[in-house]
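Chain residues, written in single-letter form:
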Amino acid sequence: MIDEIIDFALREDLQDGDHSSLSTIPESATGIAKLLVKDHGIAAGVELAERIFHRFDPNLKVEVFIHDGEAIKEGDIILTVEGSSRSILSTERLVLNFMQRMSGIATHTNKIVQILDGCDTKLLDTRKTTPCIRAMEKWAVKIGGGYNHRFGLYDMIMIKDNHIDYAGGIAQAIKGAKDYLQQTGKDLKIEVEVRDTKELEEVLAVGGIDRIMLDNFTPEEIKAILPTIPEQYETEASGGITIDNIRAYGETGVDYISSGALTHSISSLDLSLKATFNK
């Protein structure tokens, strides 16, 4: 999927050619460019950048000085790329677009992970990602120290409020999920979202699921109800969680905290690719 995304992104940008470079740079020209940091945070997308350069032009030589997950500051050089000047210019924007966004996600994720330091809870991302580049955004979350929830609708059964309402209730929804897995032979975990203690009691009465999502519960409410949830069930807090209150959620003892803000509400880091010279 990563290579498919790269190929599509290159087609999107290049179409029938990088006419700016084709018209101004001799075909034989070679040069070196350095990827400069103009911000501070966590580097992400370095491995992807190498992949983009080499997929477009296998003859480009990349030397990496700062790897994914390492701290960066203004003035740092993450990597240099050497080879065809045309190839460097044609891949410049794609590399920067991905690395700036991925580094922004990794930086924000790492900030939250540091806030949760000492808590047993794990920080999860969600499906609130940019269409067609989810793989890159979730990759960045992992680089920043977070964990990936499901990648899509295909790898887990998550019964949310709309499923429950359309199915006619919690019991019907859970039964339908269990029957579906038995009929199809699929091995998927089942997670159920609950909105209040009444729905939690209904889920526990039916049983046979893997994880319970406590949606829009306060930290105080979660502390009060966790002892009533058997240890066989994983627990996840979601909804109404911000950078200011996430530590309180982590201290409740809940297994997971999921946050869509890791991927949909971040600022990209400022990076640039600067040519040093042409040969």
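Look above for the structure.
Conventions we followed
- Residues numbered from 1 in each chain as written.
- Predicted model: local features only at pLDDT ≥ 70, side-chain atom pairs only at ≥ 80, totals over all residues.
- Heavy atoms only, no water.
- Helix = DSSP H or I, 4+ residues; strand = E, 2+ residues; numbered from the N terminus.
- Buried < 20%, exposed > 50% of the residue type's maximum accessible area, 1.4 Å probe, protein only.
- Contact = heavy atoms within 4.5 Å.
- Areas by Shrake-Rupley, 256 points an atom, 1.4 Å probe, with all protein chains shown as cover.
- Lys, Arg positive; Asp, Glu negative; His and termini not counted.
- Charge placed at Lys NZ, Arg CZ, Asp CG, Glu CD.
- 1 Å grid on protein atoms, 1.4 Å probe; cavity = no way out; pocket = protein on both sides within 12 Å on 5 of 7 lines; lining within 4 Å.
- Points joined across faces, edges and corners; volume = space filled by probe spheres on them.
- Pairing = 2+ DSSP bridges.
- Axes fitted to C-alpha atoms, helices over the stretch in contact; angles between N-to-C directions.
- Polar contact = N/O pair within 3.5 Å; in protein donor to acceptor, adjacent residues only side chain to side chain.

Novice: Even after reading the chapter, I still don't get the overall build of the chain, so can you show me in this structure?
Specialist: Looking only at helices and strands, one finds 11 helices and 12 strands in the chain. Based on the C-alpha atoms only, the size of the chain along its principal axes is roughly 75 × 40 × 25 Å. Taking all 279 residues of the chain together, 48% fall into the buried category. In the chain, of all internal contacts separated by at least 6 residues, the share reaching a separation of at least 24 is 69%. A total accessible area of about 14,200 Å² is found for the chain, and carbon and sulfur atoms account for 49% of it. In the chain, 30 positive and 45 negative side-chain charges are present, and the distance between their average locations comes to 2 Å.

Novice: Even after reading the chapter, I still don't get the layout of surface pockets, so can you show me in this structure?
Specialist: Rolled over the atoms, a probe with the dimensions of a water molecule shows which regions are left empty. For the largest pocket, the calculated volume is near 400 Å³. Together, 20 residues line the largest pocket, and Thr 126, Lys 128, Lys 160, Ser 238 and Ser 258 are the ones closest to its centre. Going through the elements one at a time, β9 (211-215) and β10 (234-238) are the ones with two or more residues in the lining of the largest pocket. Volume-wise, the second largest pocket comes out at about 280 Å³. Residue lining of the second largest pocket: 15 residues in total, with Ile 5, Phe 8, Ala 9, Glu 12 and Ile 133 positioned closest to the centre.

Novice: What should I look at first to understand the pairing of strand β5 (residues 77-84) in this one?
Specialist: Two faces, one strand: in a regular strand the side chains alternate between the faces of the sheet. With 6 of 8 residues buried, β5 is to be regarded as a mostly interior element. Sheet topology note: the strand β1 (residues 30-37)/β5 ladder contains 7 bridges and is antiparallel. In the sheet register, Ala 33 faces β5, and the bridge partner there is Val 81. Two elements, strand β3 (residues 61-64) and β5, share 4 bridges in a ladder whose sense is antiparallel. When the sheet's bridge partners are listed, Val 64 is paired in β5 with Leu 79.

Novice: What exactly am I supposed to notice about the sheet that holds β9 here?
Specialist: Spatially, the 6 strands line up as an open sheet ordered β6-β11-β10-β9-β8-β7, and their pairing is parallel. Two strands bound the open sheet, and with one partner strand each, they are β6 (122-124) and β7 (157-159). Going from strand to strand, the sheet's axes swing by 25 degrees on average, the running direction of each strand aside. Examined bridge by bridge, strand β8 (residues 190-194) and β9 share 4 bridges and lie parallel to one another. From the neighbouring strand, Glu 191 faces β9, where its bridge partner is Arg 211. Set on the sheet, helix α7 (residues 170-184) makes contact with β7 and β8; between it and β7 the angle comes to about 165 degrees. Packing of helix α8 (residues 197-206) onto the sheet brings it into contact with β8 and β9, and relative to β8 it is tilted by some 155 degrees.

Novice: What's the story with the environment of Ser 85 in this structure? I'm lost.
Specialist: Inspection of the secondary structure assignment puts Ser 85 in helix α4 (residues 85-115). Look at Ser 85 and you get buried, because its relative accessible area is 5%. Each C-alpha atom of the pair Ser 85 and Gly 17 lies 14 Å from the other, and the pair is 68 residues apart in sequence. Among the polar contacts made by the side chain of Ser 85, one reaches the main-chain carbonyl oxygen of Thr 30 at a distance of 3.4 Å.

Novice: Even after reading the chapter, I still don't get unusual backbone geometry, so can you show me in this structure?
Specialist: Glycine aside, the phi torsion of most residues is negative, and most peptide linkages are trans. Unlike most non-glycine residues, Gln 15 shows phi in positive territory, near 50 degrees. Along the chain, Gln 15 turns up in the loop between α1 (2-14) and α2 (19-24). For Asn 216, which is not glycine, the phi dihedral falls at a positive 60 degrees. Assignment of secondary structure puts Asn 216 in the loop between β9 and α9 (219-225).

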